[in-house]
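Given next are the chains, with one letter for each unit.
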Amino acid sequence: RQAREACDSYWMRRLSREKLEARLETGAHVLVKTHEWTGELTSAEFEDVRQMFTHVVVSVRDGFPPDESWMRVATHVIHFEDIVEYDEATGKIGALRVLRALAGHLGIEGLTDEDLRAVDYYLMTLPMPDGACDQVTKLWSFHSRRGGRPVPEVPPPGVDV
């Protein structure tokens, strides 16, 4: 919303050219959330689908081995620990740095610090589903922990709710 870019997001357990082509028909950017592809696709099938990607953003977390198959094709790596970094004394929010780097990687220009604070606020205050995954946000109830960061009590200046 802040970048004024149309983006449709999807969860796909099994990637395929047909699924991606169907979603690309809208003309919007397409964000696909998936996990492993090994065991679901042959290497040749994956290479065929991979040619359709402009960016491959991989999230990694300390204590969990990264998926080497995705790491080989990653164009940008995000560390979970950076997303949830929060210094209560200074109010420093690591997610703002992550959002700035991601916007740069995607070629989204012109976002102000206020825009990024608005995005962070919207993400941190998304309602959490009960039980099953929310098909729009892709959040599960266990995401309510938000990595230990406190949920903002008030929006940052300039953010309409």
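Scoring rules and cut-offs
- Residues numbered from 1 in each chain as written.
- Predicted model: local features only at pLDDT ≥ 70, side-chain atom pairs only at ≥ 80, totals over all residues.
- Heavy atoms only, no water.
- 1 Å grid on protein atoms, 1.4 Å probe; cavity = no way out; pocket = protein on both sides within 12 Å on 5 of 7 lines; lining within 4 Å.
- Points joined across faces, edges and corners; volume = space filled by probe spheres on them.
- Helix = DSSP H or I, 4+ residues; strand = E, 2+ residues; numbered from the N terminus.
- Nonpolar A, V, L, I, M, F, W, Y, C, P; charged D, E, K, R; others polar.
- Salt bridge = Lys/Arg side-chain N within 4 Å of Asp/Glu carboxyl O.
- Buried < 20%, exposed > 50% of the residue type's maximum accessible area, 1.4 Å probe, protein only.
- Pairing = 2+ DSSP bridges.
- Right-handed = clockwise from strand over helix to strand, strands pointing away.
- Contact = heavy atoms within 4.5 Å.

Each pocket or cavity is described by its volume, and for the second largest pocket that value is around 240 Å³. Lining the second largest pocket are 13 residues, and of these Ile93, Arg117, Asp120, Pro152 and Val154 lie nearest its centre. Ranked by residue count, the leading element in the lining of the second largest pocket is helix H6 (residues 113-124), at three residues. Within the lining of the second largest pocket, the residues separate by chemical class into nine nonpolar, one polar and three charged.

Turning our attention to the pattern of salt bridges. In this structure the tally under the stated criterion is eight salt bridges. Two residues, glutamate 45 and arginine 14, come together in a salt bridge whose shortest N-O distance is 3.8 Å. Highlighted residues: glutamate 45 in helix H2 (residues 43-50) and arginine 14 in the loop between strand E1 (7-11) and helix H1 (17-24), separated in sequence by 31 residues. As a salt-bridge pair, aspartate 82 and arginine 97 come within 3.5 Å of each other at their nearest N and O atoms. Remark: arginine 97 occurs in helix H5 (residues 94-106) and aspartate 82 occurs in helix H4 (residues 80-84); sequence separation between them is 15 residues. Accessibility expressed as a relative area gives 27% for aspartate 82, which makes it partly exposed. The structure contains a network of salt bridges with shared partners spanning Arg17, Glu21 and Asp48.

Turning next to the pairing of E1. By the bridge criterion, five bridges tie E1 to strand E2 (residues 29-33) in an arrangement that is parallel. The partner of tyrosine 10 across the bridge, within E2, is valine 32. In this region the chain leaves E1, passes through H1 and returns to the parallel neighbour E2; the handedness of that crossover is right-handed.

Next up on the list: the pairing of strand E4 (residues 76-79). Burial along E4 is one-sided: His76 and Ile78 are buried, while Val77 and His79, pointing the other way, are not. Pairing of strand E3 (residues 57-60) with E4 involves four bridges; the strand directions are parallel. When the sheet's bridge partners are listed, valine 58 is paired in E4 with valine 77. You can see the chain leave E3, run along helix H3 (residues 68-73) and come back into E4, and the turn it takes is right-handed.

Moving on, we get to the environment of leucine 41. Mapped onto the fold, leucine 41 is located in the loop between E2 and H2. Sequence spacing of leucine 41 and tyrosine 121 is 80 residues, and the spatial spacing of their C-alpha atoms is 37 Å. Sequence-distant contacts of leucine 41, that is, excluding residues within four places in its chain, are made with Arg14, Leu15 and Phe46.

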